[in-house]
Amino acid sequence: MEKSVGELFERYEKLFRRALGGEADMDEVTSSYAGAFVAASPAGVNVGRNDEQLKQVMRQGFENYRRIGTKDMRLRNVRIASIDEHHCLAHVAWRAIYDRGGEPDISIDFEVHYLVQQLADTPKIFGWISGDEQAVLKQHGII
């Protein structure tokens, strides 16, 4: 499972980077997710379905990332904590790079913790836990 989950996030990085370039294929992006999911952050806990609404929310999210100057998203590391033969917690370290116009770019390292299930050949994300993204962006003068 470790290899296939690592490949899932390598693929997700490529899709994210393409979306930052305005070339998002929402069907491809959402194919990384299970039919239903849970998301937790300091803003609360939300549940959702992998449907047209998810595609729209993700499309808006990518537009917002571009608007605030996100120019790249890099996968730094994936560390897997196995739960059982079908589930794991993937601790994924990312590096976001922001264009600050006339000032030097800023890079911000952060982690997101993903719940992943693999029932067939392909692992799917069914949940994630993240920190306070808005506070970090404010702290660095991005927003």
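Here the structure is a predicted model, which is why all the values come from computation and not from measurement. (Residues numbered from 1 in each chain as written. Predicted model: local features only at pLDDT ≥ 70, side-chain atom pairs only at ≥ 80, totals over all residues. Heavy atoms only, no water.)

J.: I'm lost on the overall build of the protein in this one. Help?
T.: Along the backbone of the protein there are four helices and six strands. The order of helices and strands in the protein, counted from the N terminus, is α-α-β-β-α-β-β-β-β-α. Reported as C-alpha extents along the three principal axes, the dimensions of the protein are approximately 50 × 30 × 30 Å. Sorting the 143 residues of the protein into buried and exposed places 36% on the buried side. For the protein, long-range pairs separated by at least 24 residues make up 54% of all intrachain contacts whose partners lie at least 6 apart in sequence. Summing over all exposed atoms, the protein offers an accessible surface of approximately 8200 Å²; the carbon and sulfur share of this is 48%. Charge-centre separation for the protein: the mean point of 18 positive side chains lies 3 Å from the mean point of 22 negative side chains. (Helix = DSSP H or I, 4+ residues; strand = E, 2+ residues; numbered from the N terminus. Buried < 20%, exposed > 50% of the residue type's maximum accessible area, 1.4 Å probe, protein only. Contact = heavy atoms within 4.5 Å. Areas by Shrake-Rupley, 256 points an atom, 1.4 Å probe, with all protein chains shown as cover. Lys, Arg positive; Asp, Glu negative; His and termini not counted. Charge placed at Lys NZ, Arg CZ, Asp CG, Glu CD.)

J.: What is the right way to read the nonpolar core from this model?
T.: Here is a general trend for soluble globular proteins: nonpolar side chains tend to be buried in one another's company. Ranked by internal contacts, the top residues of the largest apolar core, which has 35 residues, are F9 and Y114. Where this core is concerned, the elements lending two or more residues are α1 (2-20), α2 (26-30), β1 (33-41), α3 (52-67), β3 (70-82), β4 (87-100), β5 (103-117) and β6 (124-130). A total of eight residues in this core trace back to one element, the largest contributor, which is α1. Every residue in contact with Y114, bar those within four places of it in the chain, is listed here: F9, C88, L89, A90, V92, W94, I125, G127 and W128. (Core = buried A, V, L, I, M, F, W, Y, C linked by side-chain atoms within 4.5 Å.)

J.: Where do I start with the packing of α1 against α3 in this structure?
T.: A pair of packed helices is characterised by two quantities: the angle between their axes and the separation of those axes. Taken N-terminus to C-terminus, the directions of α1 and α3 make an angle of 65°; their axes are 9 Å apart at the nearest point. You can see that α1 and α3 cross each other, and the crossing is right-handed. Of the residues in α3, those in contact with Y12, F16, A19 and L20 of α1 are M58, F62, Y65 and R66. (Axes fitted to C-alpha atoms, helices over the stretch in contact; angles between N-to-C directions. Left-handed = near helix turned anticlockwise from the far one by under 90°.)

J.: Just to check I follow, could you spell out the environment of I108 for this structure?
T.: If you trace the backbone, I108 turns up in strand β5. Sequence-distant contacts of I108, defined by excluding residues within four places in its chain, comprise W94, R95, A96, Y98, V136, L137, H140 and I142.

J.: Could you clarify how one ought to interpret the side chain of Q118 in this entry?
T.: Mapped onto the fold, Q118 is located in the loop between β5 and β6. A distance of 3.5 Å separates the side chain of Q118 from the backbone oxygen of A120, its partner in a polar contact. With residues near it in sequence (within four places) discarded, Q118 still touches M1, S4, H86 and P123. (Polar contact = N/O pair within 3.5 Å; in protein donor to acceptor, adjacent residues only side chain to side chain.)

J.: How should I be thinking about the packing of aromatic side chains in this particular structure?
T.: Aromatic rings considered in pairs are described by the distance between their centres and by the relative angle of their planes. Within the structure shown, the criterion is met by nine aromatic pairs. Ring-pair connections join several aromatic residues into one group, and the members of that group are Y12, F16, Y33, F37, F62, Y65, W94 and W128. (Phe/Tyr/Trp six-rings, centres within 6.5 Å; stacked < 30°, edge-to-face > 60°.)

J.: Teacher, can you tell me more about the pattern of salt bridges here?
T.: Any two side chains of opposite charge can pair if their charged atoms end up close together. Under the counting rule described, the total for this entry stands at ten salt bridges. The salt bridge involving K55 is made with D27; its shortest N-O contact spans 2.4 Å. Of this pair, K55 sits in helix α3 while D27 sits in helix α2, placing them 28 residues apart in sequence. Salt bridges linked by common partners bring R17, D72 and R74 together as one network. (Salt bridge = Lys/Arg side-chain N within 4 Å of Asp/Glu carboxyl O.)

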